[in-house]
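As a plain string of letters, each chain reads:
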Amino acid sequence: MAKDAFDLVIGLGVSGRSVIRYLADQGMPVRALDTRDAPAGLDELREQHPKLKIHTGGFKGSWMKRAQRLIVSPGVAVSTPAIAEQIAEGKEVIGDIELFARAASRPLVGITGSNAKSTVVTLLGEVARACDAKPGVGGNLGVPALDLLREEAELADDVELYVLELSSFQLETTYSLNAQVASILNLSQDHLDRYGKFSDYLAAKQRIYDGCQVAVWNRDDLATRPQTQVPREITFGSHPEAHYQLDTDKQMLCHQGETLLHVDELALTGHHNAMNVLAVLAMADALGFDRATTLATVKQFKGLPHRCQLVAEDARIRWINDSKATNVGATLAALTGIGEAIEGRVILIAGGQGKGQDFSPLGEPARQYLRAALVLGQDADKVADGLSGVPCERVADMAAAVKRAAQLAQPGDAVLLSPACASFDMYDSYVARGDDFSARAREVTHG
């Protein structure tokens, strides 16, 4: 390394800060910048790394040119002109997952998709623990991948397997993943405000299969199939040719004709969650985990907060928090899954920042399952247009939505917060949005 060389970390979010910690541990010279004037956690970062040079409020051209490589956070597009210029000059531009992949000495499972990544990663992690595989679980979910390497160094028992949730943004700057098992769970329109067209989004997701040993993909969604040859493929889905199949007539989860579980044995509800369990079963078998232990673990799993989470109920109505549904595909899965599972109808609360999505795919299941829709937020009118043929009312905020839903609901109905949109027009995060809904739902349920 040249005398004055340094790595430049761009973006001081969760992943950017993990990169700084990792490089500092390695004794590597590093500088950092963020285009925001005052990114969250800046004071703490300066306290932890008093010698770190930090620039905020934009790109610093001299640092961009002098850096030996750029390590770009997922939230920063590599198409940004200041970064694209450096790529054109031949500079290496990578992300936290590429750093992780170069350093990791244990096998890894990489999981991506438009929806259900966190649920599947968490459940597979629980299966791995039950099977004594000593997993390190994180990535886009929870613990940043590079912090898992730090944890491994500090633990008495080394991690034996990494289970990573990976976003399309992370995969854009990843070249050496070489996963033992890689999976795209599903694909639907998302992040088109960044990608512009679905084919670019798809190409980013497909990078997860580069160098993998086993590809696990959704037989019901051909976009999830590897576009290049991989050593082994395993499929799941309701398609009759899927290796791990949901038999919708018998409501059974099967493996090549062998019944594994009845859907009613799962603590999770809905068609979409049955598919998530199938994906986990496929990956667990690919990893050689004990089948009986795997089945016992998936039966007990109750899901994650803000992902089709039952937050309140009485004798009449169930209130379900699916605030994590920030795209149309997630809401489509929740609406169909819940609609099929209940005796009554669904009252949907949706809306927020639409990210350039087409909401028309919601129309058919909405007409099939909805009693009414309540829309709010920046793109409420666009969501309403996609729900054509369904009684649809615009409301000012979550308080008004919950109050009106309680008035509309009939015995056997479910009120489903599944926004199909990002939350940032009204909330700091989808978590804050879900918490607001849950608290208000409990208020109207319990008085």
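Not measured: the values here are computed from a predicted model.

J.: Requested: an account of the packing of aromatic side chains, with residues and values cited.
T.: Counting across every chain of the model gives 3 aromatic pairs. Pairing W319 with F437 gives two aromatic rings, centres 6.1 Å apart and planes at 50 degrees, and the pair type is tilted. Of this pair, W319 sits in strand β16 (residues 318–321) while F437 sits in helix α17 (residues 430–446); the two residues are 118 residues apart in sequence, bridging distant segments of the chain. Since its relative accessible area comes to 1%, W319 is described here as buried. Note that R31 overlies the ring of F6, its terminal NZ or CZ placed 4.2 Å from the centroid. Stacked on the ring of Y430, the Lys or Arg K324 has its end atom at 5.6 Å from the ring centre.

J.: Can you lay out helix α1 (residues 14–25) for me, pointing to particular residues and giving the numbers?
T.: Compared with an ideal rise of 1.5 Å per residue, which puts 12 residues at 16 Å, α1 spans 17 Å between its outermost C-alpha atoms and is within 8% of the ideal. Immediately downstream of α1, the backbone of G27 shows phi near 75 degrees, a positive value.

J.: Now, about the sheet that holds strand β4 (residues 69–72): what can you tell me, with residues and values included?
T.: Here we have 5 strands laid out as an open sheet, ordered β3-β2-β1-β4-β5, and parallel in their pairing. Here the strands that pair on one side only, and so sit at the sheet edges, are β3 (53–56) and β5 (92–94). The sheet shows a mean angle of 20 degrees between the axes of neighbouring strands, direction not considered. Of the pairings in the sheet, the one linking strand β1 (residues 7–10) to strand β2 (residues 30–34) comprises 4 bridges and is parallel in character.

J.: Tell me about the pairing of strand β20 (residues 414–417), and please be specific about residues and values.
T.: Residues A414 and L416 point to one face of β20 and V415 and L417 to the other, with burial holding for every one of them. Both β16 and β20 contribute to a ladder of 4 bridges, which runs parallel. Bridge pairing links R318 to A414 in β20. Pairing of strand β17 (residues 346–350) with β20, which is carried by 4 bridges, proceeds in the parallel orientation.

J.: How would you sum up the pattern of salt bridges? Please name residues and give values.
T.: Counted according to the given criterion, the structure contains 16 salt bridges. Of the charged contacts, one joins D147 and R21 as a salt bridge, the two residues approaching to 2.6 Å between their closest N and O atoms. Linking D147 in helix α7 (residues 145–154) with R21 in helix α1, this pair joins segments that are 126 residues apart in sequence. No difference in accessibility class separates D147 from R21, as the two residues are buried. Residues R102 and E92 are paired through a salt bridge, measuring 2.5 Å at the closest nitrogen-oxygen approach. On the criterion of sequence distance, the pair formed by R102 in helix α5 (residues 96–103) and E92 in strand β5 is long-range, its members being 10 residues apart. Residue R102 is classed as partly exposed on the basis of its relative accessible area of 43%. Since its relative accessible area comes to 33%, E92 is described here as partly exposed. Members of the salt-bridge network, linked through shared partners, are E92, E98 and R102.

J.: Talk me through the environment of I184; I want residue IDs and the actual numbers.
T.: Residue placement: I184 occurs in strand β9 (residues 181–184). You can call I184 buried: its relative accessible area is 0%. In contact with I184, not counting residues within four places along its chain, are T112, G113, K205, Q206, I208, Y209, V216, W217, N218 and T224.

J.: Which residues make up the nonpolar core, and what values go with them?
T.: Grouped together as the largest cluster of nonpolar side chains are 44 residues, with contacts concentrated most on I111, L253, M283, F289 and V298. Those residues within four positions of V298 in sequence are excluded, and the remaining contacts are L123, V127, L261, L266, V277, V280 and L281.

Cut-offs applied
- Residues numbered from 1 in each chain as written.
- Predicted model: local features only at pLDDT ≥ 70, side-chain atom pairs only at ≥ 80, totals over all residues.
- Heavy atoms only, no water.
- Phe/Tyr/Trp six-rings, centres within 6.5 Å; stacked < 30°, edge-to-face > 60°.
- Helix = DSSP H or I, 4+ residues; strand = E, 2+ residues; numbered from the N terminus.
- Buried < 20%, exposed > 50% of the residue type's maximum accessible area, 1.4 Å probe, protein only.
- Lys NZ or Arg CZ within 6 Å of the ring centre and 35° of its normal.
- Expected span 1.5 Å × (residues − 1).
- Pairing = 2+ DSSP bridges.
- Axes fitted to C-alpha atoms, helices over the stretch in contact; angles between N-to-C directions.
- Salt bridge = Lys/Arg side-chain N within 4 Å of Asp/Glu carboxyl O.
- Contact = heavy atoms within 4.5 Å.
- Core = buried A, V, L, I, M, F, W, Y, C linked by side-chain atoms within 4.5 Å.

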